Amino acid sequence: GPLATYDPGFMNTASCRSAITYIDGDAGILEYRGYPVDQLAAGASHLEVAYLLLYGELPTPDQLASWEKQINTHRLVHENVRELIDAFRYDAHPMAKLMAGVASMQTFYPSSRRIDDPEAREMNIIRLLGKIPTMAAWAYRHSIGRHFVYPNDELGYVDNFLAMLFQSQQRVYRADPRVSRALEVLFILHADHEQNCSTNAVRSVASAGNDLFTSVGAGIGALFGPLHGGANEAVLGMLREIGTIDRVPDFIAGVKEGRARLMGFGHRVYKNYDPRAKIIKRSCDDVFEVTGVNPLLSIALELEKIALEDEYFVSRRLYPNVDFYSGLIYEALRFPPEMFTVLFAVPRTAGWCAQWLENMTDPDQKIMRPKQIYTGYRERTFVPQDQRG
Ligand code: CMC
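Residues numbered from 1 in each chain as written. Predicted model: local features only at pLDDT ≥ 70, side-chain atom pairs only at ≥ 80, totals over all residues. Heavy atoms only, no water.

What follows concerns the packing of helix α11 (residues 231–242) against helix α16 (residues 322–332). For the pair α11 and α16, the least separation of the axes is 8 Å and the interaxial angle reads 75°. Our classification of the angle between α11 and α16 gives roughly perpendicular. Within the contact between the two elements, α11 uses Ala231, Asn232, Val235, Leu236, Met238, Leu239 and Arg240 and α16 uses Asp323, Phe324, Ser326, Gly327, Leu328, Tyr330 and Glu331. Of the residues assigned to the contact of α11 with α16, the class counts are eight nonpolar, three polar and three charged. (Axes fitted to C-alpha atoms, helices over the stretch in contact; angles between N-to-C directions. Helix = DSSP H or I, 4+ residues; strand = E, 2+ residues; numbered from the N terminus. Parallel < 35°, antiparallel > 145°, perpendicular 65-115°, else oblique. Contact = heavy atoms within 4.5 Å. Nonpolar A, V, L, I, M, F, W, Y, C, P; charged D, E, K, R; others polar.)

The structure is reproduced here in structure tokens:
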């Protein structure tokens, strides 16, 4: 047949039709179901946004109340999953625990394999949205050797997540509302981002006829990578390595010589600015009001200032992305760096669910199976072992 189009990284290949998230990278626009993300970040809750992504419309107050109630009743995780998380080595990365926990759900909820049954699909989406914060919090508690905290029915989605993370035996943990709102805003900003690497992984695995949990498990694996969700963790590593403001110019020089990448900079789609980075920068101020200023912030600001004026970054259209500032907030909230990508995975689950559902209900979707340009040998003759070399 005709030679396939060579498009490594799918820079110019649309893998699907989608009505969920709209991005205009040149204009710096991000919309969920047509609503600009800054409006959602200013006025909505994460579960409201999850509903919007899944059903295509903002919920009425009644719909939202019943949606929240359904998700909140599914926060509890099977005790065997607790043991599964417990069985990991003490220093295991929490993303590995989360990936395993989500993948295991397929075995606890066999209805998930009925991918053509709309009721089963919805039920399992609700289960996953309910349980992902619990598993994420337990993955963290396991790392620090603390008892696991069970979900509290009286708390909302984000407040309950914070309590499961930080509750101690000595005192009742109640999040500062400024902290919990900042995390909610971060959740909304991370909820979906059309066909990014992990969402593509979810759809690709789904295209073979896989259930939600198996597909999202694969998405968590993709998100783990330092060029994707792992970037916020890498940003903090970089800021620590730089250490002091006076060493910023040397670091930038190294980046320009190709010795390192400026983590948290650049984006496949956003070539003028990342609209999420703008909103997060404002959340930084709110959080630092509660926690005190993170000393690494001054290094980050200096890096940004120098990079935005430097010909190397300007000509390549490299700007701060969502991860440049999110790591600073997470660190100020005293999350260890390994948790940063988990804090991306929890809200992105809403997007993965919506994209999985859209893929499953799209009559045009086929098993995803790209072509290649073969560059190897042809038609060689086998040489038996004793006649080689
Ligand atoms: N620091 C220094 N140079 C860079 C950077 C960077 N962060 N990003 C891109 N470049 C250079 C790159 O070397 C290349 O230069 P040249 O044309 O001279 O070879 C040019 O810019 C184009 O880069 P690319 O790698 O072809 O661009 P891409 O669209 O394939 O990569 C990216 C996008 C996000 C993977 C990349 O910019 C990067 O590695 N950034 C750092 C990691 C990061 O912050 N990732 C988070 C992305 S946002 C959250 C998410 O979606 O997970």
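Moving on from the coordinates now.
Now for the packing of aromatic side chains. According to the stated counting rule, one finds 16 aromatic pairs in the structure shown. Judged by centre distance (5.5 Å) and plane angle (80°), the rings of Tyr55 and Trp67 are edge-to-face. You can see Tyr55 sitting in helix α2 (residues 46–55) and its partner Trp67 sitting in helix α3 (residues 61–73), a full twelve residues away along the chain. With relative accessibility at 35%, the residue Tyr55 sits in the partly exposed group. (Phe/Tyr/Trp six-rings, centres within 6.5 Å; stacked < 30°, edge-to-face > 60°. Buried < 20%, exposed > 50% of the residue type's maximum accessible area, 1.4 Å probe, protein only.)

Turning our eyes to something else, we now look at the sheet that holds strand β1 (residues 21–24). One open sheet accounts for three strands, arranged β1-β2-β3; its pairing is antiparallel. The outermost strands of the open sheet, each flanked by one partner alone, are β1 and β3 (35–36). (Pairing = 2+ DSSP bridges.)

Moving on to the nonpolar core. With 115 residues, the main nonpolar core has Tyr32, Trp67, Met238, Leu262, Leu303 and Phe335 as its most contacted residues. Of all the elements, helix α17 (residues 340–360) adds the most residues to this core, at 13 residues. In contact with Leu303, other than residues within four places in its own chain, are Met238, Leu239, Ile242, Val248, Phe251, Ile252, Leu262 and Phe324. (Core = buried A, V, L, I, M, F, W, Y, C linked by side-chain atoms within 4.5 Å.)

Here we take up the pairing of strand β2 (residues 29–32). With burial as the criterion, only one face of β2 is covered, namely that bearing Leu30 and Tyr32; the residues Ile29 and Glu31 on the opposite face remain uncovered. Relative to β2, β1 is paired through four bridges, and the arrangement is antiparallel. Paired with Ile23 across the bridge in β2 is Leu30. Where β1 hands over to β2, the hairpin turn is made up of four residues, of which Gly28 adopts a positive phi near 70°. Pairing between β2 and β3: two bridges, direction antiparallel. Residue Glu31 lies in a different strand from β3, and its bridge partner there is Pro36.

Here we take up the UniProt feature "active site" (unreviewed entry) in the chain. Sites flagged by UniProt as "active site" (unreviewed entry) map to His267 and Asp323. A maximum C-alpha distance of 10.5 Å among these annotated residues, which run over 57 residues, shows that they cluster at one spot. As for its position among the elements, His267 is in the loop between α12 (248–256) and α13 (275–291). Sequence-distant contacts of His267, defined by excluding residues within four places in its chain, comprise His193, Asp274, Arg276 and Asn321. Within the local environment of His267, its side chain forms a polar contact with the backbone nitrogen of Tyr270, the two atoms lying 3.3 Å apart. (UniProt positions renumbered as here; feature names shortened; annotations may be inferred. Polar contact = N/O pair within 3.5 Å; in protein donor to acceptor, adjacent residues only side chain to side chain.)

Residues in close proximity to the ligand total 21 residues, the closest being His228, Arg261, Leu262, Gly264 and Arg268. At 2.7 Å from an oxygen atom of the ligand is found a side-chain nitrogen or oxygen belonging to His228. Here an oxygen atom of the ligand sits 2.8 Å away from a polar atom, N or O, in the main chain of Gly264. If the ligand stood free it would expose 940 Å²; the protein chains cover 73% of that surface. Tallied by class, the residues present in the shell around the ligand amount to ten nonpolar, six polar and five charged. (Near = heavy atom within 4 Å. Areas by Shrake-Rupley, 256 points an atom, 1.4 Å probe, with all protein chains shown as cover.)

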